[in-house]
Amino acid sequence: MALVKERKLGELKKLLARHYPTAEDWALVERAYAFACQAHAGQRRESGEYFITHPLGVALILAELGLDMTTIIAGLLHDVVEDTAVTLEEIRENFGEETAALVDGVTKLSRLDFASQEEQQAETLRKMFIAMAEDIRVVLIKLADRTHNMRTLRYLNAEKQKEIARETMEIYAPLAHRLGIYKIKWELEDSAFRYLQPEAYYELAEKLAKKRREREQFINRIIAILRERLEAVGLKAEISGRPKHLYSIYQKMKEQGKEFNEIYDLTAIRVIVDTVKDCYGALGTVHALWKPIPGRFKDYIAMPKPNMYQSLHTTVVAAENELVEVQIRTWEMHRTAEYGIAAHWRYKEKITDEGEFEKKLAWLRQLLEWQKDYRDAREFMENLKMDLFTDEVFVFTPRGDVIDLPAGSIPIDFAYKIHTDIGNHCIGSRVNGRLVPLDYVLKTGDIVEIITSKHGAPSRDWLNMVKSAQAKNKIRSWFKRQRREENIEKGREMLEREYRRLNAEPGLLKSELLEEVVKKFNLLTVDDLYAAVGYGGISPQQVIGKLREEYRRQCGLKEEPLPEIKPERRPSAAHPGVVIEGVDNLLVRFARCCNPVPGDAIAGLVTRGRGVSVHRRNCPNLAQFKSASGRLLQASWEEQVDRSYQVSIEVQAHDRTNLLADVIAALSENGVQIYAVDGRADSDQTAVIHLTIGVRDRLQLEQIMNRIKRVKDIYSVRRHVYGKN
């Protein structure tokens, strides 16, 4: 074990010598290493290794990223405050204020008292994000810490592996992407993928290994052709093939519905040149050699990503009619593409335009502003994930400035991104010169203009329409500031109405219980709670749920399971609202496998002894009869039908307390009749709920499904098709 530590220490010294060659620099690192060894003496990891191998591994990753000496020392010391008796004051005395601040930023809050593990995790992440908004190196240490932990995850039990892998996929890999550190992002995604979906991971890895030799031969031929042509036109370039990482291939197969053998661009060709001019020259050479695919060219040099990534991307039809992705960039762009913000940190002092560096970190600075209004740590994390870790669209102001927004954003999101007052007084918008509704979904390349009026004001409906956390926060702030008294009264009424609707326990709204619930939401007074409900910051269902939890705790009662809702037996309708061509006297009924509703394309199937069964045309159970002459009949809906149709939907969500109650509450808000409920929870904490509800038509069904999607922790909502009918 001592040999392993010495080898890793030697690797660290070799890496540091590139940027910090003096004996004084190395002496400082050795002092930090000795301090960490003494602090962690006797501690071991789950693998059986001495604990010091972990901070040493973190320091190695930070050195590979080319970070400064203070960050590397903080990496060596990042666990001493959390896991040993060493205090921050001792770190401060021995290694200075800057190192102590970095260690504090990554220290978990495991010693504080939280109501739940979920709250502890949210508060820990909240602290980390706020700390990194002041010093980006905090999150670089945290990413190195998580990367090393993922490398040794195999020593933990299966449940812990999935828990850590899920958090890595949801928080840390997207964060590495946002910071442009693709080297870390790819490793984290593949590691998490391996533990979250092991069967898919190993199956894909095996297929990729079988195809790799054949693919490498093809790519090498393409590289040779391109190198020869670039040399002929006098362009100096380094060309290499970069295999795509497993998770990106899996995502592409999933999103495009393709099998592995239908994915052709398993390897991208990377061309690195000296200047920006050479980038475009190389692009011209590539397009002269091979036919480019329309719509697959992206110029991230002229329009860099917010994480500073720059490159030219094009996909061409190369030899043997195979698609090949080509990426072209300069050496400086390549360093940024691999290491993102970390590549720039050591050179920050040399940057003449400090405002440009700060602009690249603007999204982090916004966290300091947002966190003041999010008293609930979990709400903070939900909004953070929604705004920072989603795909993006890039739109333009009329003056040509580029604005990046979360995918799915609408003009209201754009208005608030420009300025709070523009958002608050927005009354309309123009996109590409034409008037569009405020719920128009923006696309990359749109030119957006906001129409304002001094009499304009936010609507409560906007909270359900906007996509960005920034817009939601500013809309809520407006309601809080402008209409506090009105919100208090409205919130009280909403709570009382929900209390009566649920026929909840007597005395649930008494002041003692409300005061306890106020603390759970990190508010100060009951009026603050009423106001939060009134302006939409907290839902009445959330408050009633917390009140019930507190009521049961005080009364010593256990959580009672929700009663099973039995399907109501109804006689079949004589006229179900459909017209079957050429049929007058046969019994007509709806297939229970796909539950068609008005608005669906339908067909009739002649059954033996049971009349005509009406299916949706895309029902998989109908496909087997398409060649059966005479059994399939044309069917259509009557123009006006005033009745309710049963339809089955499947909801997938993260399993948690009161999940089913929140879903049912969402349905009740829309006056939906529920005929049956069935659900289960899997070992990976995924809940699957099947609901049979009554709707008028497909439009109402889509509205209901969209409402359920807005319930917290919902992954997906879709129509459910049962087995063969």
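Just so we're clear, the structure is a prediction, and the values are computed from it rather than from any experiment.

## Concerning the overall build of the chain
1) Next: What the chain contains, in helices and strands, is 30 helices and 20 strands.
2) Next: Every one of the 725 residues in the chain was classed for burial, and the buried ones make up 50%.
3) Next: Considering only intrachain contacts with a sequence separation of at least 6, the fraction spanning at least 24 residues in the chain is 67%.
4) Next: Of the accessible surface of the chain, which amounts to about 36,400 Å², a share of 48% is contributed by carbon and sulfur atoms.

## Quick look at helix 27 (residues 540-555)
1) Next: In this model helix 27 runs 22 Å from its N-terminal to its C-terminal C-alpha over 16 residues, within 8% of the 22 Å that 1.5 Å per residue would give.
2) Next: Turning to helix 27, its buried residues are Pro 540, Gln 541, Val 543, Ile 544, Gly 545, Lys 546, Leu 547, Glu 550, Tyr 551 and Arg 552.

## Some remarks on the side chain of Asp 190
1) Next: Within the secondary structure, Asp 190 sits in helix 11 (residues 182-196).
2) Next: There is a polar contact of 2.9 Å between the side chain of Asp 190 and the backbone nitrogen of Tyr 247.
3) Next: For Asp 190, the residues in contact, after removing those within four places along its chain, are Tyr 201, His 245, Leu 246 and Tyr 247.

## So, the packing of helix 25 (residues 511-520) against helix 27
1) Next: Running from amino to carboxyl end, helix 25 crosses helix 27 at an angle of 115°, the nearest separation of the two axes being 9 Å. With respect to the hand of their crossing, helix 25 and helix 27 are arranged in right-handed fashion. For the pair formed by helix 25 and helix 27, the contact residues are Leu 513, Leu 514, Glu 516, Val 517 and Lys 520 on the first element and Val 543, Lys 546, Leu 547, Glu 550, Tyr 551 and Gln 554 on the second.
2) Next: When grouped by side-chain class, the residues that make up the contact of helix 25 with helix 27 number six nonpolar, one polar and four charged.

## Things to note about the nonpolar core
1) Next: Leu 12, Leu 77, Ile 91 and Leu 143 are the most contacted members of the largest nonpolar core, which has 69 residues in total.
2) Next: A total of eight residues in this core trace back to one element, the largest contributor, which is helix 10 (residues 158-178).
3) Next: Once residues within four sequence positions are removed from consideration, Leu 12 is found in contact with Trp 26, Val 29, Leu 56, Ala 59, Leu 60, Ala 63 and Ile 72.
4) Next: Leu 405, Ile 410, Phe 414 and Val 526 belong to the second largest nonpolar core, which has 47 residues in total.

## Description of the sheet that holds strand 10 (residues 434-436)
1) Next: A sheet is described by the order of its strands in space; here three strands give the open sequence 10-9-11, paired in antiparallel fashion. Here the strands that pair on one side only, and so sit at the sheet edges, are strand 10 and strand 11 (448-452). Across the sheet, the mean angle from the axis of one strand to that of its neighbour is 35°, orientation sign disregarded.
2) Next: Across three bridges, strand 9 (residues 426-431) lies against strand 10 in antiparallel orientation. Note that in strand 10 the partner of Ser 429 across the bridge is Val 436.

## Some points on the packing of aromatic side chains
1) Next: One pass over the full model with this rule turns up nine aromatic pairs.
2) Next: Here the aromatic residues Phe 193, Tyr 201, Tyr 202, Tyr 247 and Tyr 250 are joined through ring pairs into a cluster of three or more.

## Some thoughts on helix 13 (residues 246-256)
1) Next: Among all positions in helix 13, only Leu 246, Tyr 247, Ile 249, Tyr 250, Lys 252 and Met 253 are buried.
2) Next: Just downstream of helix 13 lies Gly 257, where phi reads positive at about 65°.

## Some details on the sheet that holds strand 20 (residues 714-719)
1) Next: The four strands are arranged 18-19-17-20 in an open sheet whose pairing can be described as antiparallel. Edge positions in the open sheet fall to strand 18 (673-681) and strand 20, since each of these has one partner strand only. With strand direction ignored, the average angle separating the axes of adjacent strands in the sheet is 20°.
2) Next: As defined by bridge partners, strand 18 adjoins strand 19 (residues 686-695) across eight bridges and the pair is classed as antiparallel. Counted as the bridge partner of Arg 680 is Val 688 from strand 19.
3) Next: Set on the sheet, helix 29 (residues 659-669) makes contact with strand 17 (645-654), strand 18, strand 19 and strand 20; between it and strand 19 the angle comes to about 25°.

## Re the environment of Ala 205
1) Next: Tracing the chain through its elements places Ala 205 in helix 12 (residues 198-232).
2) Next: For the pair Ala 205 and Arg 194, spaced eleven residues apart in the sequence, the C-alpha separation amounts to 9.9 Å.

## What about unusual backbone geometry?
1) Next: Its identity as a non-glycine residue notwithstanding, Asn 432 has a phi of 55°, on the positive side.
2) Next: The residue Asn 432 is located in the loop between strand 9 and strand 10 in this model.
3) Next: Classification of Asn 432 by relative accessible area gives partly exposed; the value is 46%.
4) Next: A positive phi is found at Asp 713, a non-glycine position, where the angle reads about 75°.

## Points about the pattern of salt bridges
1) Next: Scanning the entire structure with this criterion turns up 16 salt bridges.
2) Next: A salt bridge links Asp 145 to Lys 142, with the shortest nitrogen-to-oxygen separation between them at 3.6 Å. Residue Asp 145 and its partner Lys 142 are both found in helix 9 (residues 137-151); the two are separated by three residues, about one turn of the helix.
3) Next: Of the residues examined, Lys 142 reaches a relative accessible area of 7% and is grouped as buried.

## Some remarks on the confidence of the model for the chain
1) Next: Mean pLDDT over the chain works out to 77, with 78% of the residues at or above the 70 mark.
2) Next: In the predicted structure, residues 109-115 sits below a pLDDT of 50 and forms 14 contacts with residues beyond four places in sequence or in another chain.
3) Next: A low-confidence stretch, residues 559-575 stays under pLDDT 50, and its non-local contacts, those more than four residues away or across chains, total 20 contacts.

## Some words on the environment of Tyr 202
1) Next: Residue placement: Tyr 202 occurs in helix 12.
2) Next: Separated by 44 residues in the primary sequence, Tyr 202 and Leu 246 have C-alpha atoms spaced 9.7 Å apart.

Definitions and cut-offs
- Counting restarts for each chain: residues are numbered from 1 in the order of the written sequence.
- Since the coordinates come from a predicted model, pLDDT governs what is reported: local features require at least 70, and pairs of side-chain atoms require 80 or more to be given and counted, while whole-chain, interface and lining totals use all residues.
- As a rule here, side-chain values cover all heavy atoms of the structure and leave hydrogens and water aside.
- Here a helix means four or more residues in a row that DSSP labels H or I, a strand means two or more in a row labelled E, and each is numbered from the N terminus.
- Here the term buried applies to any residue with accessible area under 20% of the maximum for its type, exposed to any over 50%, and partly exposed to those in between, with areas from a 1.4 Å probe on protein chains only.
- By definition, residues are in contact when any of their heavy atoms lie within 4.5 Å.
- Here the open area of atoms and residues is found with the Shrake-Rupley method and a 1.4 Å probe, where only the protein chains shown may cover a residue.
- Helix span is expected to be 1.5 Å times the residue number reduced by one.
- In the analysis that follows, any N or O atom pair within 3.5 Å is treated as a polar contact, provided that within protein one partner can donate a hydrogen and the other can accept it, and provided that, for residues neighboring in sequence, both atoms belong to side chains.
- Only C-alpha atoms enter the line fits that serve as axes; for helices the fit covers just the stretch in contact. Angles between N-to-C directions range over 0 to 180 degrees.
- Should the near helix be turned counterclockwise from the far one by less than a right angle, the crossing is left-handed, whereas a clockwise turn marks it as right-handed.
- When residues are sorted by character, Ala, Val, Leu, Ile, Met, Phe, Trp, Tyr, Cys and Pro go into the nonpolar class, Asp, Glu, Lys and Arg into the charged class, and all the rest, Gly among them, into the polar class.
- Definition used in this section: a nonpolar core is a set of buried Ala, Val, Leu, Ile, Met, Phe, Trp, Tyr and Cys residues joined via side-chain atoms within 4.5 Å.
- Think of it this way: DSSP has to see at least two bridges between two strands before they count as a pair.
- Side-chain rings of Phe, Tyr and Trp (the six-membered ring for Trp) are treated as a pair once their centres are within 6.5 Å; stacked means planes under 30 degrees apart, edge-to-face means over 60, and tilted covers the remaining angles.
- Salt bridge, as applied in this entry: a Lys or Arg side-chain nitrogen positioned within 4 Å of an Asp or Glu carboxyl oxygen.
- The predictor rates its confidence in each residue with pLDDT, a number between 0 and 100.

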